[in-house]
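The residues making up each chain are set out below.
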Amino acid sequence: MSTQIRAGGAARIRPAPVRKSIYVDVAPERAFDVFANGIGRWWPKTHKTGQSDLDRPVIEPRSGGRWYELGVDGSEGEIGKVQVWDPPARLVLVWQLTAEFKYDPNLETEVEVLFAPEGSGTRVDLEHRHLERLGETAENLRQAIDSPGGWGGLLELFAEETSKSN
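Just so we're clear, the structure is a prediction, and the values are computed from it rather than from any experiment.

Undergrad: Please explain the sheet that holds strand S8 (residues 109-118) as it appears in this structure.
TA: Read across the open sheet, the seven strands follow the order S3-S9-S8-S7-S6-S5-S4; overall the sheet is antiparallel. Looking at which strands have only one partner, the edges of the open sheet turn out to be strand S3 (18-24) and strand S4 (54-59). Averaged over neighbouring strand pairs, the angle between their axes works out to 20° when direction is ignored. Note: strand S5 (residues 66-71) against strand S6 (residues 76-86), five bridges, orientation antiparallel.

Undergrad: Help me out: how do you make sense of the pairing of S5 in this one?
TA: If a strand is regular, its side chains alternate between the two faces of the sheet. Within S5, five of the six residues are buried, which leaves it mostly tucked inside the rest of the structure. Relative to S5, S4 runs antiparallel, the two being bridged by five bridges. Looking at the pairing, Val58 lines up with Tyr68 of S5. Between the antiparallel neighbours S4 and S5 lie six residues, among them Gly64 with a positive phi of about 90°.

Undergrad: Looking at this model, I keep getting lost on the nonpolar core. Mind explaining?
TA: The nonpolar side chains of soluble globular proteins are, as a tendency, buried together. Ranked by internal contacts, the top residues of the largest apolar core, which has 39 residues, are Phe35, Leu91, Phe115, Trp151 and Phe158. Dropping the residues within four chain positions of it, Trp151 is found in contact with Val18, Lys20, Trp43, Trp67, Trp95, Val111, Leu126, His128 and Ile145.

Undergrad: Looking at this model, I keep getting lost on the side chain of Ser52. Mind explaining?
TA: Of note, Ser52 is situated in the loop between helix H2 (39-42) and S4. For Ser52, the side chain forms a polar contact with the main-chain nitrogen of Val72, separated by 3.4 Å. Reaching out from Ser52, the side chain makes a polar contact with the side chain of Asp73 at a distance of 3.2 Å. Apart from the residues within four sequence positions on either side, Ser52 is in contact with Gly71, Val72, Asp73 and Ser75.

Undergrad: Explain the pattern of salt bridges here, please?
TA: Opposite charge on two side chains permits pairing when their charged atoms draw close. Tallied over the full model, the rule gives 16 salt bridges. A salt bridge links Arg129 to Glu112, with the nearest nitrogen and oxygen atoms 2.8 Å apart. You can see Arg129 sitting in strand S9 (residues 121-129) and its partner Glu112 sitting in strand S8, a full 17 residues away along the chain. Judged on exposure class, the residue Arg129 and its partner Glu112 are both buried. Notably, a salt bridge pairs Lys164 with Glu161, separated by 3.6 Å at the nearest N-O pair. Taken as a pair, Lys164 and Glu161 lie in helix H4 (residues 151-165) at a separation of three residues, close to a single helical turn. The exposure class of Lys164 is exposed, given its relative accessible area of 63%. Several salt bridges converge on common partners, so that one network encompasses Arg19, Arg90, Glu110, Glu112, Glu127 and Arg129.

Undergrad: Which parts of the structure should I look at to understand the pairing of S8?
TA: Here strand S7 (residues 90-95) runs beside S8; their pairing, made up of six bridges, is antiparallel. Following the sheet pairing, Val92 is matched in S8 by Glu112. Relative to S9, S8 runs antiparallel, the two being bridged by nine bridges. The partner of Val111 across the bridge, within S9, is His128.

Undergrad: Even after reading the chapter, I still don't get the environment of Thr109, so can you show me in this structure?
TA: Within the secondary structure, Thr109 is located in strand S8. Between the alpha carbons of Thr109 and Arg30 there is a distance of 26 Å; along the sequence they are 79 residues apart. Apart from the residues lying within four places of it in its own chain, the contact partners of Thr109 are Leu93, Val94, Trp95, His128, Arg129, His130, Leu131 and Leu134.

Undergrad: Help me understand the layout of surface pockets, please; the structure alone is not making it clear to me.
TA: The gaps left among the atoms become clear once a water-sized probe is rolled over them. Estimated volume of the largest pocket: approximately 260 Å³. Lining the largest pocket are 18 residues, and of these Trp43, His47, Lys48, Trp95 and Phe101 sit closest to its centre. Elements with a contribution of two residues or more to the lining of the largest pocket: S5, helix H3 (138-145) and H4. When its residues are assigned to classes, the lining of the largest pocket shows ten nonpolar, six polar and two charged.

Calculation rules
Residues numbered from 1 in each chain as written. Predicted model: local features only at pLDDT ≥ 70, side-chain atom pairs only at ≥ 80, totals over all residues. Heavy atoms only, no water. Pairing = 2+ DSSP bridges. Helix = DSSP H or I, 4+ residues; strand = E, 2+ residues; numbered from the N terminus. Axes fitted to C-alpha atoms, helices over the stretch in contact; angles between N-to-C directions. Buried < 20%, exposed > 50% of the residue type's maximum accessible area, 1.4 Å probe, protein only. Core = buried A, V, L, I, M, F, W, Y, C linked by side-chain atoms within 4.5 Å. Contact = heavy atoms within 4.5 Å. Polar contact = N/O pair within 3.5 Å; in protein donor to acceptor, adjacent residues only side chain to side chain. Salt bridge = Lys/Arg side-chain N within 4 Å of Asp/Glu carboxyl O. 1 Å grid on protein atoms, 1.4 Å probe; cavity = no way out; pocket = protein on both sides within 12 Å on 5 of 7 lines; lining within 4 Å. Points joined across faces, edges and corners; volume = space filled by probe spheres on them. Nonpolar A, V, L, I, M, F, W, Y, C, P; charged D, E, K, R; others polar.

Structure, rendered in structure tokens:
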């Protein structure tokens with residue numbers, strides 16, 4: 001179960017958010033575009049929630065938009081929604097998947113992605129937070145999204161796609 005632990009007077013949420021960063025050698029505008037609008041080019045077909053094979057995930061380009069996946073059979077499966085659409089600096093997605101990667105309209109964790117200019121490219125910082133909202137299964141989800149096939153691996157695929165797009 002998630003808990004708040006006091007250490008030195010400061011409360012810490014357990015489980016901790018998953019934080020990942022990567023540098024891409026493209027401008028923030030391009031990095032944001034590849035991440036959000038081009039997600040179907042770099043997201044792995046194995047990372048799906050529906051029964052059908054994955055065609056591509058879709059992030060609608062606006063605050064309040066949907067985040068969903070399209071199956072090759074035309075089916076749609078909800079993942080969450082777009083909370084903040086602020087190109088080229090910030091994207092906040094509401095992740096509404098359980099630790100079993102099933103959609104739950106009553107569950108909301110957040111995936112914030114920041115795109116900051118750094119040198120000739122962009123530093124991309126991702127934080128998946130509010131995992132404690134999953135209750136007893138929070139640590140299971142944290143382990144999955146912090147594994148090599150989780151957000152770190154996904155950011156590497158994203159970086160590979162940005163280098164193709166240059």
